[in-house]
Amino acid sequence: QVQLVESGGGSVQPGGSLNLSCVISGNRYSFNCVGWFRHGPGPEREAVARIQPRSGTTFYADSVEGRFTISQDNAENTVYLQMNSLRPEDTAMYYCAAARKYCRGAYGADTAPDFGYWGQGTQVTVSS
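Figured I'd write up the structure that's included with this text. All values reported here derive from a predicted model rather than from experimental measurement. (Residues numbered from 1 in each chain as written. Predicted model: local features only at pLDDT ≥ 70, side-chain atom pairs only at ≥ 80, totals over all residues. Heavy atoms only, no water.)

Our focus in this paragraph is the state of the cysteines. Going through the model one piece at a time under the given rule, you end up with 2 disulfides. The partner cysteine of cysteine 22 in its disulfide is cysteine 96, sulfur to sulfur 2.1 Å. The chirality of the disulfide connecting cysteine 22 with cysteine 96 is left-handed, given an S-S dihedral of about -75°. On the criterion of sequence distance, the pair formed by cysteine 22 in strand 3 (residues 18–24) and cysteine 96 in strand 9 (residues 92–99) is long-range, its members being 74 residues apart. Look at cysteine 96 and you get buried, because its relative accessible area is 0%. The disulfide partner of cysteine 33 is cysteine 103, and the S-S distance across this bridge is 2.0 Å. Note on the cysteine 33 and cysteine 103 pair: the S-S dihedral is about 105°, so by sign convention the disulfide is right-handed. (Disulfide = S-S within 2.5 Å. Helix = DSSP H or I, 4+ residues; strand = E, 2+ residues; numbered from the N terminus. Buried < 20%, exposed > 50% of the residue type's maximum accessible area, 1.4 Å probe, protein only.)

See the structure below:
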């Protein structure tokens, strides 16, 4: 049974920071791509950051480049999303997701349908 559990969301003022955590149960080497998605008022979930656990290679959406950092612990059980310089448009439900496919490549995991395992989400609200 694969489970992903997020934590660390909350309400912050613009310019503030949050650090989200995603704990992955079971075999920590079962996945080749782990990502953070967010779902705002629109219909789609946006991939904001992805990581390949074995190599540590990271990928970012243009909207968060330079502000967000995805990382993992040494045992590869937990994936983090450090969010700095938060803006009101960052307000969304943030989800951790895992895929068997690698992040990189023409057929890599880069959109929501590529990820078969999802957490329950953690709310991030940025407002004054």
